[in-house]
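# Observations on chain architecture
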Amino acid sequence: AQTVTQSQPEMSVQEAETVTLSCTYDTSESDYYLFWYKQPPSRQMILVIRQEAYKQQNATENRFSVNFQKAAKSFSLKISDSQLGDAAMYFCAYNSGGSNYKLTFGKGTLLTVNP
Amino acid sequence: SQTIHQWPATLVQPVGSPLSLECTVEGTSNPNLYWYRQAAGRGLQLLFYSVGIGQISSEVPQNLSASRPQDRQFILSSKKLLLSDSGFYLCAWSPQPNQPQHFGDGTRLSIL
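Quick notes on the rules
Residues numbered from 1 in each chain as written. Chains lettered and ligands numbered in written order. Predicted model: local features only at pLDDT ≥ 70, side-chain atom pairs only at ≥ 80, totals over all residues. Heavy atoms only, no water. Disulfide = S-S within 2.5 Å. Helix = DSSP H or I, 4+ residues; strand = E, 2+ residues; numbered from the N terminus. Buried < 20%, exposed > 50% of the residue type's maximum accessible area, 1.4 Å probe, protein only. Polar contact = N/O pair within 3.5 Å; in protein donor to acceptor, adjacent residues only side chain to side chain. Contact = heavy atoms within 4.5 Å. Buried area = accessible area lost by both parts, 1.4 Å probe. Salt bridge = Lys/Arg side-chain N within 4 Å of Asp/Glu carboxyl O. Nonpolar A, V, L, I, M, F, W, Y, C, P; charged D, E, K, R; others polar. Core = buried A, V, L, I, M, F, W, Y, C linked by side-chain atoms within 4.5 Å. Pairing = 2+ DSSP bridges. Axes fitted to C-alpha atoms, helices over the stretch in contact; angles between N-to-C directions. 1 Å grid on protein atoms, 1.4 Å probe; cavity = no way out; pocket = protein on both sides within 12 Å on 5 of 7 lines; lining within 4 Å. Points joined across faces, edges and corners; volume = space filled by probe spheres on them.

## Considerations on the state of the cysteines
- This structure, assessed with the given rule, holds two disulfides over all chains.
- Disulfide partner of Cys23(A): Cys92(A), at an S-S distance of 2.0 Å. Of note, the bridge from Cys23(A) to Cys92(A) carries an S-S torsion of about -70 degrees and is left-handed in sense. With Cys23(A) in the loop between strand S3 (19-21) and strand S4 (24-26) and Cys92(A) in strand S10 (residues 88-95), this residue pair connects regions lying 69 residues apart in the sequence. Comparing Cys23(A) with Cys92(A), the two get one shared label, buried.
- Disulfide pairing is shown between Cys23(B) and Cys91(B); the S-S distance is 2.0 Å. Looking down the S-S bond of the Cys23(B) and Cys91(B) bridge, the torsion is -75 degrees, so its handedness is left-handed. Of this pair, Cys23(B) sits in strand S3 (residues 19-26) while Cys91(B) sits in strand S9 (residues 87-94), placing them 68 residues apart in sequence.
- For Cys23(B), a relative accessible area of 0% puts it in the buried group.
- Classification of Cys91(B) by relative accessible area gives buried; the value is 0%.

Take a look at the structure:
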């Protein structure tokens, strides 16, 4: 079974600085999808970024980018120019693709942004 | 654009009482629908998913059930709630299985 591990329960960053959140996963599949979701105190789950495993290019969405290392099964999220509104719980998630509907989540990393 | 509505936002129920949480999606047809539970300090656990009307798949055997009476309506139910059913319940939808899932605002369920 696929597993997703986020080894950092909590992280903090100064406003305007850069922070990287770690995620590793275990799978025997060659084609799959990875996601980062953000859950602010309001608890709504918001998609941050998506990466297809067959794409070598790392996904980028404005200040958010990923470092996808397929061989190492690593999928870290980098947040540049951190803003107070970035404070949230961040979840890494895995989907094995095809007709598989299951999204497997990590336990999350709580990010604090200090002014 | 597509929107997802989930209600109620908060619910306090006694042990042994029934439960009905509702989720509807607007602006799309034949969505894939999902129910998740999030325990305190943990990630999301998939409870049910549905690929069409009347088609429900259960991921975790438990005290809960799901139904999809209409294309864009997904209901989470229980006949008798247990203390362990407390948690934060999220409904989500996606256009395809491996496409990003979009979540509702969630229901905080407390069992007394």
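## As for the side chain of Gln6(B)
All names here are of chain B.
- Along the polypeptide, Gln6 turns up in strand S1 (residues 3-7).
- For Gln6, a relative accessible area of 11% translates into the label buried.
- Polar contacts involving the side chain of Gln6 include one to the main-chain carbonyl oxygen of Tyr89, which spans 2.6 Å.
- A polar contact of 3.0 Å, which involves the side chain of Gln6, links it to the backbone nitrogen of Cys91.

## Some points on the interface of chain B and chain A
- Contact with chain B, which involves 23 residues of that partner, is made by 21 residues of chain A.
- Counting the surface lost from both chain B and chain A, the interface buries some 1900 Å², and carbon and sulfur atoms represent 56% of this.
- When residues of chain B are sorted by the area they lose upon contact with chain A, Pro97(B), Asn98(B) and Phe103(B) head the list and together hold 28% of the total.
- For the interface between chain B and chain A, the tally reads one salt bridge.
- Of the charged contacts, one joins Glu59(B) and Lys102(A) as a salt bridge, the two residues approaching to 3.6 Å between their closest N and O atoms.
- The residue inventory of the side of chain B that touches chain A, partitioned by class, reads 11 nonpolar, eight polar and four charged.

## Topic: the nonpolar core
- Within the largest apolar cluster, 25 residues are counted, with the highest numbers of intra-cluster contacts made by Tyr25(A), Trp36(A), Phe75(A), Leu77(A) and Tyr90(A).
- Contributions of two or more residues to this core are made by S3, strand S5 (33-39), strand S6 (46-52), strand S8 (64-69), strand S9 (74-79), S10 and strand S12 (109-114) of chain A.
- Dropping the residues within four chain positions of it, Phe75(A) is found in contact with Cys23(A), Tyr25(A), Leu34(A), Phe35(A), Trp36(A), Gln51(A), Val66(A), Asn67(A), Phe68(A) and Cys92(A).
- In this structure, Leu21(B), Cys23(B), Leu64(B) and Tyr89(B) belong to the second largest nonpolar core, which totals 20 residues.

## With respect to the sheet that holds S3(B)
All names here are of chain B.
- Spatially, four strands are ordered S1-S3-S8-S7 in an open sheet, and the strand pairing comes out antiparallel. Strands with a single pairing partner mark the edges of an open sheet, and in this sheet they are S1 and strand S7 (65-70). Averaged over all pairs of adjacent strands, the angle between their axes in this sheet comes to 20 degrees, without regard to strand direction.

## So, the layout of surface pockets
- Roughly 410 Å³ of volume is contained in the largest pocket.
- Looking at the largest pocket, it is lined by 18 residues, and the ones nearest its centre are Phe105(A), Arg42(B), Gly43(B), Leu44(B) and Gln45(B).
- For the lining of the largest pocket, the secondary structure elements donating two or more residues are strand S1 (3-5) and strand S11 (104-105) of chain A together with strand S5 (44-52) of chain B.
- Broken down by element, the lining of the largest pocket gets its largest block of residues, three residues, from S5(B).
- Of the residues assigned to the lining of the largest pocket, the class counts are seven nonpolar, six polar and five charged.

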